[in-house]
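One letter stands for each residue in the lines below.
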Amino acid sequence: MLLARNLKRIAARSPWLYRINSGSCNGCDVELATTACIPRYDVERLGCQYCGSPRHADIVLITGPLNRHVKDAVLRLWEEIPEPKVTVAVGVCPISGGIFRESYAVCAPVDQYLPVDVNVPGCPPRPQAIIEGVAKAIEIWRARL
Amino acid sequence: MPTELVVLVSVLVFPGGLFAFALGLALKGVDRRVAARLQGRVGPPLLQPAFDLVKLGFKRTMVPDTAVPGVFLAAPLIGVVAMALAVALVPIAGVYMPDPRLGNLLVLLYLLSVPGIALMIAGSASGSPFGAVGFSREMALMLAYEATIVLVVAAVGLRTGHAEGQVVTFSLAEIVRHQQEHGAYLLDPVMWPAVAAFLFFYPANLGIVPFDIPEAETEILEGPLLEYSGPALALFKVMSALKTVVVLSLGIALFCPVAPDGIAGFAVWLAMMLGLLVVGISAVRVSIGRMRIDQAFSFFLKWPLLLAAASLTVVVVV
Ligand code: SF4
């Protein structure tokens, strides 16, 4: 029991991040790709690593208002990520639709379709906020392991 | 101790098996940390690769519908076993001499190409188009760099063989002993081109920028590894950690195996491993970008091959 708990604590120090762009304006993606993992705001010190394959992912970062066009692809992609996983919505787009909220082409809010665990509002959110969101997601993820 | 037991220990405990596993993970950790520092970041803790392995142990291994399950799951195992054997084949000057029954340099060359083949099998068995692209790139790259290492090994073998009054020797133990008595090949101008060729070879063999083309995550989503998750992916990580140990220590055994006996020799060996890692891997991978496969292919068939051939020619003629 004790061993398993300790191992889980160790395992929680290696959360790998995966980004899904569900039709964002790219503002949040730029924020994620450059600011959050580049020297100034290094998320690798939390053990995070951006991975190219959904199969390697632990924490999913969704940006964008879930366009009608990509909805099925996003949902399928989300299914491909092995459990246990945590979903983080980055930016106001996936939370409410943001500036696209009244468009016929978007399906936001995303949590109608996927269980979202952490919301990081902002348009785009500050890198510090993204890092805080990731840190919260790690807490949730540790409980799920 | 009976010799069977000695062989078994050398494969399972030191320097193969457990020791190589721990050292490989530590080297990976140092590499990530140094790379982060060179980029001005804090970087992950030194034990990060070990954390990653534990984490992967908790995840599910998913086998895609399109995959061939048996082959898909066996591929990483083949790679790990080959590498664990290969570590036991490389001598550490003053500390460890492999039992001749384990095999010689030629066996080691074969074992060294197994991880590449395991990746190719993995890529094609996963049924993913990205895996297939990774497969073809891995194969092209292997064709390009294998020629270099064969010529380098031939140059070292012939040089030692000539000096010892034979035609050629492929016993690593003999090569190491010769250099301990007559000075390292690193100080022998005839061998300098071969050393340079080896320095080009090992990032390619280890799949490190600029030669990480088969696993390019930004282009083909890690290619052969794309469909792997959980413990199966962890095995691939172990394989690449072990391979780092094998290739770096092979470089030391071929060109610079001069060290005092015992603990001091071991410390010198460790320091050389770290130096090779930091200079040849971490510093290189943060300062340049990835090559295209056709660039890497023609690059390898030009410069490293030419360098290795130059050494070989001089060795044969003189
Ligand atoms: S939240 Fe703002 S910055 Fe982010 S994707 Fe939506 S519109 Fe773009």
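All values derive from a computational prediction rather than experimental measurement.

Asks: What exactly am I supposed to notice about the overall build of chain A here?
Replies: Within chain A, the secondary structure is distributed over five helices and five strands. Expressed along its principal axes, the backbone C-alpha trace of chain A runs to roughly 50 × 35 × 20 Å. Split into buried and exposed, the 145 residues of chain A put 49% on the buried side. A separation of at least 24 residues holds for 83% of the contacts in chain A among residues at least 6 apart in sequence. Of the accessible surface of chain A, which amounts to about 6900 Å², a share of 54% is contributed by carbon and sulfur atoms. Considering chain A, the positive charge centre built from 17 side chains and the negative charge centre built from 14 side chains are found 5 Å apart.

Asks: Honestly, the UniProt feature "transmembrane region" (unreviewed entry) in chain B in this entry has me stumped. Any pointers?
Replies: Residue and element names in this part refer to chain B. The feature "transmembrane region" (unreviewed entry), as given by UniProt, occupies residues 6-27, 67-93, 105-127, 139-158, 190-213, 234-260, 266-288 and 300-317 in the numbering adopted here. Secondary structure across residues 67-93 divides into 78% helix and 0% strand, with the first and last C-alpha atoms of the span separated by 44 Å. Secondary structure across residues 139-158 divides into 100% helix and 0% strand, with the first and last C-alpha atoms of the span separated by 28 Å.

Asks: What should I look at first to understand the site of the ligand in this one?
Replies: Residues and elements named next belong to chain A. Every residue near the ligand is listed here: Ser24, Cys25, Gly27, Cys28, Gly91, Val92, Cys93, Gly122, Cys123 and Pro124. Where the shell around the ligand is concerned, the elements lending two or more residues are helix 2 (27-35) and helix 4 (92-96). Partitioning the shell around the ligand into residue classes produces six nonpolar, four polar and no charged.

Asks: Even after reading the chapter, I still don't get the packing of helix 6 (residues 129-163) of chain B against helix 7 (residues 172-182) of chain B, so can you show me in this structure?
Replies: When two helices pack together, you describe them by how their axes are tilted relative to each other and by the distance separating the axes. All names here are of chain B. Taken N-terminus to C-terminus, the directions of helix 6 and helix 7 make an angle of 65°; their axes are 10 Å apart at the nearest point. Seen along the crossing, helix 6 lies across helix 7 with a hand that is left-handed. Judged by residue contacts, Val156, Thr160 and Ala163 of helix 6 engage Glu174, Ile175 and His178 from helix 7. Looking at the contact of helix 6 with helix 7 residue by residue, the class counts come to three nonpolar, two polar and one charged.

Asks: Just checking my understanding: could you explain helix 4 (residues 69-89) of chain B for this structure?
Replies: One turn of an α-helix holds 3.6 residues; hence residues three or four places apart share an orientation. Residues and elements named next belong to chain B. A rise of 1.5 Å per residue sets the reference length of helix 4, with its 21 residues, at 30 Å; its end C-alpha atoms lie 32 Å apart and thus fit the reference within 8%. Within helix 4, the axis deviates most sharply at Ala75, by approximately 30°, and proline Pro76 lies no more than four positions further along. Taken residue by residue, helix 4 has Phe72, Ala75, Pro76, Gly79, Val80, Ala82, Met83, Ala84, Ala86, Val87, Ala88 and Leu89 as its buried positions. Where helix 4 is buried, its residues touch helix 1 (3-12), helix 2 (17-38), helix 5 (105-125), helix 7 and helix 10 (230-255).

Asks: What exactly am I supposed to notice about helix 12 (residues 293-317) of chain B here?
Replies: Residues and elements named next belong to chain B. With 25 residues, helix 12 should cover 36 Å at 1.5 Å per step; its first-to-last C-alpha distance of 35 Å lies within 8% of that length. Phe300 marks the point of greatest bend in helix 12, at about 35°, and the proline Pro304 comes within the next four residues. Buried positions along helix 12 lie against helix 6 and helix 8 (192-206).

Conventions and cut-offs
Numbering of residues begins from 1 in every chain and follows the order in which that chain's sequence is written. The naming scheme follows written order: chains are lettered A onward, ligands numbered 1 onward. Two thresholds apply to this predicted model, a pLDDT of at least 70 for residue-level local features and 80 or more for giving and counting side-chain atom pairs, whereas whole-chain, interface and lining totals are computed over all residues. Neither water nor hydrogens contribute to the side-chain values; these are computed over all heavy atoms in the structure. The helix count covers DSSP runs of H or I at least four residues long, the strand count covers runs of E at least two residues long, and both are numbered beginning at the N terminus. Categorising residues by exposure relies on relative accessible area from a 1.4 Å probe, with only protein chains included: less than 20% of the type maximum marks a residue as buried, more than 50% marks it as exposed, and the intermediate range marks it as partly exposed. Any pair of residues with heavy atoms lying within 4.5 Å of one another is described as a contacting pair. For every accessible area listed, the method is Shrake-Rupley and the probe measures 1.4 Å; residues are considered covered only by the protein chains on display. Positive residues here are Lys and Arg, negative ones are Asp and Glu, while His and the chain termini are left out of the count. Taken as the charge centre is NZ of Lys, CZ of Arg, CG of Asp or CD of Glu, depending on the residue. UniProt positions are given in the numbering used here, feature names are shortened, and annotations may be inferred rather than shown by experiment. By convention in this text, a residue qualifies as near a molecule or strand provided that one of its non-hydrogen atoms is within 4 Å of it. Residues are grouped as follows: Ala, Val, Leu, Ile, Met, Phe, Trp, Tyr, Cys and Pro are nonpolar; Asp, Glu, Lys and Arg are charged; all remaining types, including Gly, are polar. A fitted line through C-alpha atoms represents every axis, and for helices the fit uses only the stretch in contact; the resulting angles, taken between N-to-C directions, go from 0 to 180 degrees. The sense of a crossing depends on the near helix, which, turned anticlockwise from the far helix by less than a right angle, makes the crossing left-handed and, turned clockwise, makes it right-handed. The length a helix should cover is 1.5 Å for every residue beyond the first. Here the bend at a residue means the angle between the axes of two seven-residue stretches, the one that ends at it and the one that starts at it.

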